[in-house]
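Here are the chains, one letter per residue:
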Amino acid sequence: MRTARLLKWPGGKRLVAERIRRIYDAPPPRRYVEVCCGGTAVFQHRRAMGELSGRAVVLVDVEPRLMAFYRAVQCRSHDLLTAMDRLPWDESWRVAYDVERTRFSAWTPAADEVAEPEDAARMLWVNRACFNGLYRVSSTGAFNTPAGSYKELQRPSRVDVLDFAESLVGVELVTASADTYIEANVGEGDQLYGDPPYHQAFDLYTKERFPWSMHVVLAQASAVAHQRGAHLVMSNSCTPEVVQLYLGLGFDLRGLSTNRSIGASADTRKKEREVLIIGRPGQATS
């Protein structure tokens, strides 16, 4: 099965999705939950490998624009394709960038909203037009990533959109903070993957940012879910604080070396040490 891809998402796990997939043991999950889902790379890879066939899937993110966009792809994909035709993808795109970015920033969907096709198309267009696909907002929630340096925009094909729509059939899309959803919903028989904003790294995805206190709350919620029988993997920076926090809660840690993709050029993208936090069913945690 072809891996569906749609949004550019710096920091996504496409290149390490297979390594993450191999951590999960048989039997297949009762339910697969991905929090801080972003570009959904791990879900898409596991789906393409056939591991989630017939299983309940929940994708969770705190950013309401992102989840409203995914709901539009899920149930209004043909209308989205029509709306995409009304946006400039050729060399004239740069003239329109500031106006479209302002319109996108003014869009404030409700937590359970399905984006109108025009709003969803604009999000996809801005994602392809902005610098490196970087989703960055100000302290007031306004999208403020500058334009990229592309001659023409790389427009997703009809197949790209429809494949992604097909991948979301039957998937539950939830707008919520990771810790809130995990603590209230995740437990025995679930497999959980989470990719929160990294400690001491880029955390400007939401106006609330992601301070250390939120890392602690997320770790504690993950420990609760694990005690209830969930099999979980989380990603984060390999900082002393993160290592101490999760080891203190009884999780296993596995090092990972990856390239960060937010740098302006390939020459400035350094390999960074990351960590996979693993909690297997039956493994004792504090």
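For the structure itself, look to the data block above.
Residues numbered from 1 in each chain as written. Predicted model: local features only at pLDDT ≥ 70, side-chain atom pairs only at ≥ 80, totals over all residues. Heavy atoms only, no water.

Trainee: So what about the nonpolar core? Which residues, and what values?
Mentor: In this structure, F69, Y70 and W125 are the most contacted members of the largest nonpolar core, which totals 59 residues. With residues up to four places along the chain from it excluded, the contact list for W125 reads L87, P88, W89, W93, A96, Y97, E100 and L153. Among the nonpolar cores identified, the runner-up in size contains 28 residues, and F210, M234, V242 and L245 belong to it. (Core = buried A, V, L, I, M, F, W, Y, C linked by side-chain atoms within 4.5 Å. Buried < 20%, exposed > 50% of the residue type's maximum accessible area, 1.4 Å probe, protein only. Contact = heavy atoms within 4.5 Å.)

Trainee: Can you break down the environment of Y150 residue by residue, with the values?
Mentor: Among the secondary structure elements, Y150 is positioned in the loop between α6 (117-129) and α7 (158-167). Residues Y150 and S222, 72 residues apart in the sequence, show an inter-C-alpha distance of 40 Å. Filtering out sequence-adjacent residues up to four positions away, Y150 remains in contact with K8, W93, R94, R128, A129, C130, F131, N132 and G133. Within the structure, Y150 has its side chain in polar contact with the backbone oxygen of C130 (distance 2.8 Å). At 3.0 Å, the side chain of Y150 and the backbone nitrogen of N132 are in polar contact. (Helix = DSSP H or I, 4+ residues; strand = E, 2+ residues; numbered from the N terminus. Polar contact = N/O pair within 3.5 Å; in protein donor to acceptor, adjacent residues only side chain to side chain.)

Trainee: How would you sum up the environment of S167? Please name residues and give values.
Mentor: For S167, the location among the structural elements is in helix α7. With relative accessibility at 3%, the residue S167 sits in the buried group. Discounting chain neighbours no more than four positions away, the residues touching S167 are A4, F43, Q44 and R47. In terms of polar contacts, S167 uses its side chain to reach the side chain of Q44, at 3.0 Å. A polar contact of 2.6 Å, which involves the side chain of S167, links it to the backbone oxygen of F164.

Trainee: Summarise the pattern of salt bridges; cite the residues concerned and give the values.
Mentor: Two side chains with opposite charge may pair up if their charged atoms get near one another. What the rule picks out here adds up to 18 salt bridges. In this structure, R280 engages D25 in a salt bridge whose closest nitrogen and oxygen atoms are separated by 3.7 Å. One end of the pair, R280, is in the segment after β7 (271-279); the other, D25, is in the loop between α1 (17-21) and β1 (31-35), and 255 residues separate them in sequence. For R280, a relative accessible area of 23% gives the class partly exposed. A relative accessible area of 40% places D25 in the partly exposed class. Between D85 and R155 there is a salt bridge, with its nearest N and O atoms 2.5 Å apart. With D85 in the loop between α4 (77-84) and α5 (93-106) and R155 in the loop between α6 and α7, the pair connects residues that are 70 residues apart, well separated along the chain. Judged by relative accessible area, which is 51%, D85 ranks as exposed. Residue class for R155 comes out partly exposed when judged on its relative accessible area of 35%. Taken together, the shared-partner salt bridges in this structure form one network comprising E18, R21, R22, R46 and E51. (Salt bridge = Lys/Arg side-chain N within 4 Å of Asp/Glu carboxyl O.)

Trainee: Now, about unusual backbone geometry: what can you tell me, with residues and values included?
Mentor: For T40, which is not a glycine, the phi torsion comes out positive at approximately 65°. Of note, T40 is situated in the loop between β1 and α2 (41-48). Phi is positive for N132, close to 55°, though the residue is something other than glycine. Relative to the helices and strands, N132 is located in the loop between α6 and α7. Residue N132 is classed as buried on the basis of its relative accessible area, which comes to 18%.

Trainee: Can you lay out the side chain of Q191 for me, pointing to particular residues and giving the numbers?
Mentor: Positionally, Q191 belongs in strand β4 (residues 190-194). Judged by its relative accessible area of 3%, Q191 falls in the buried class. Beyond its immediate stretch of four places on either side in the chain, Q191 contacts Y24, D25, P27, P29, R31, Y32, V33, R46 and H231.

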